[in-house]
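Residue-level listing of the chains:
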Amino acid sequence: MSPIIRHLHSQGHELVVVTSKRGMEVFKGNTHISQLIQHKEETPVDKLSDQIDYLRRKFKCDRVMDFSESIEVALSQHPRSPNYKLSKPERIARFNRNFYEYSFEHIGEKWDGVDLKPELFFDEPELNQARKHLKKDCFNVLIGMSGSGSNKCWPWMEDFCKKVVTDFSNVHIITVGDARCKLIEPQVEGRITNLSGEISMRLSMCLTGLVDLVIAPDTGIIHASGCYPTPKICLLGHNTKECITKYFENDYSVEADEKLAPCSPCLYLIYDLHLQCPIHEETGAALCMGAGLPFQKVYERFKEVYNIAQSKKRS
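Right, let's walk through the structure included here. (Residues numbered from 1 in each chain as written. Predicted model: local features only at pLDDT ≥ 70, side-chain atom pairs only at ≥ 80, totals over all residues. Heavy atoms only, no water.)

Attention now moves to the pairing of strand S3 (residues 139–144). The buried count for S3 comes to 6 of 6 residues, which makes it a mostly enclosed element. Side-chain alternation along S3 places Phe139, Val141 and Ile143 on one buried face and Asn140, Leu142 and Gly144 on a second face that is also buried. One ladder, built from 6 bridges, connects S3 with strand S4 (residues 171–176); its direction is parallel. Looking at S4, one finds that Val141 is bridged to Ile173. Viewed along the sheet, the connection from S3 through helix H7 (residues 157–167) into S4 turns out right-handed. Direction of pairing for S3 relative to strand S6 (residues 213–217): parallel, over a ladder of 3 bridges. (Buried < 20%, exposed > 50% of the residue type's maximum accessible area, 1.4 Å probe, protein only. Helix = DSSP H or I, 4+ residues; strand = E, 2+ residues; numbered from the N terminus. Pairing = 2+ DSSP bridges. Right-handed = clockwise from strand over helix to strand, strands pointing away.)

This is the structure:
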C-alpha cells in the first residue's frame, strides 16, 4: 500500500490509515499518513462493512478504500473461490499480476507513470540498533528463514548457509524470522548471527536496507528489501517475479522450475501445505520449494551476486 499512500498524499489528500498490529510496524513514521490507527481487535468478516462505515463517519472521510483481500483472495486464489478450480493456464492468464499495480486498480486509481517502489521510514535510533548486528568488513547477508505460509520455506536453507560461510571467508549471515524459525536456524559460531524470535519484524525490515544481500522466500522481508537498492534473491514457488519483484531494484530472484515442479506457479493462497500442495518426498516441503528450487540453482545465483559486489568493490 505504500506507493498508493505516497501517490494520494502527493495529490493533496489527508490520509487516515487503520491497520493491524503488524501493519503499525510497516507504516510507523510514514510521513504521508496524517493519522495511523491500530485495530484493537479483529473485526468479524460479517461486521467489517459496519466497522468501516463507523470509521468513515468518525474521521469524516470523503472516501473509503478497503484493502481487505485486495491481493489475497483477489489474486492469490483461496479454496473457497470458484476461480480456485480454474486450470493452471487460466489462472496464469488471469491472476499473474503485479501486486503493486493491482492495488491501484483495486481502488480505481491509475498507476501508469506512478512510482511503484515501496517505502519504509526509520529513525536514527532504529538504524543504529540495526547496524549493531552487522559485521564490519564483511559481506553481510540477511536470510529470511520462512514466510507466513507453510509453503514458504526453502528446505535447503540450513545446508546453503553452512556452505556459503565455508566457501566464502568474508561472508556474515544474519537469520531472521518468527520464534518458530529458531528450530530451523543454521548455527555456525562467529559466522551466523541468529535473530529469529529475538528482534521485531520492524528491525528485520530495517536491516534489509543496510545489508549487502537479502535472501528469502516470498515474505514481508522481501517486500521490505524492495524499498532499497540492496540486491535481493526471492525464492519464488507459488508466485512469480511479475507478482512480487517486478519493480524492485537489483532483483536476482529465482522462480521454481516448472519442469521439476509442474504445479508452480499455482497462484494459490496456501493455508495448509499438506491439503493443497504436492509434497517433495525428499524434504517434506512443498514441491515447488523442494524440487523446483534446487540447491545448486540458488547457490549459483548467490555466487553471481557476490562476485558482482566484489568486482564493484575492487573497481
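Moving on, we get to the sheet that holds strand S8 (residues 254–255). Pairing within the open sheet is parallel, and its 6 strands lie in the order S5-S4-S3-S6-S7-S8. Two strands close off the open sheet at either side, each with one partner strand: strand S5 (192–194) and S8. The pairing of strand S7 (residues 232–236) with S8 spans 2 bridges and is parallel. Each bridged residue has a counterpart across the sheet, and for Leu235 the counterpart in S8 is Val254. In the packing of H7 onto the sheet, contacts are made with S3, S4, S5, S6 and S7, and the angle to S4 comes to roughly 155 degrees. The strands touched by helix H12 (residues 295–314) are S3, S4, S6, S7 and S8; relative to S3, the strand with the most contacts, the crossing angle is about 145 degrees. (Contact = heavy atoms within 4.5 Å. Axes fitted to C-alpha atoms, helices over the stretch in contact; angles between N-to-C directions.)

The subject of this paragraph is the pattern of salt bridges. One pass over the full model with this rule turns up 21 salt bridges. Residues Asp167 and Lys163 are paired through a salt bridge, measuring 2.9 Å at the closest nitrogen-oxygen approach. Here the residue Asp167 and the residue Lys163 both occupy positions in helix H7, the gap between them amounting to 4 residues, near one helical turn. Relative accessible area serves as the criterion here: at 36%, Asp167 is assigned to the partly exposed category. Two residues, Arg301 and Glu304, come together in a salt bridge whose shortest N-O distance is 3.1 Å. Taken as a pair, Arg301 and Glu304 lie in helix H12 at a separation of 3 residues, close to a single helical turn. In this structure Arg301 comes out as partly exposed when scored by relative accessible area, which is 23%. Look at Glu304 and you get partly exposed, because its relative accessible area is 36%. (Salt bridge = Lys/Arg side-chain N within 4 Å of Asp/Glu carboxyl O.)

Cis peptide bonds are those with omega within 30 degrees of zero, and the linkage from Ser264 to Pro265 qualifies with -15 degrees. By the element assignment, Pro265 lies in the loop between S8 and helix H10 (273–276). The backbone phi angle of Glu69 is positive, close to 60 degrees, even though this residue is not glycine. Along the chain, Glu69 turns up in the loop between helix H3 (48–58) and helix H4 (88–95). Of note in this structure, Leu267 is not a glycine but carries a positive phi near 60 degrees.

Turning to H12, a few remarks are in order. Here H12 contains 20 residues, and its C-alpha end-to-end distance of 29 Å stays within 8% of the 28 Å for a straight helix at 1.5 Å per residue. Residues of H12 that are buried include every one of Phe295, Val298, Tyr299, Phe302, Val305, Tyr306 and Gln310, and no others. Angularly, the buried residues of H12 cover 135 degrees about the axis, an arc narrow enough to put them on a single face. Tucked into the core, H12 has its buried residues touching S3, H7, S4, S6, S7 and S8. (Expected span 1.5 Å × (residues − 1). Arc of directions from axis to C-beta.)

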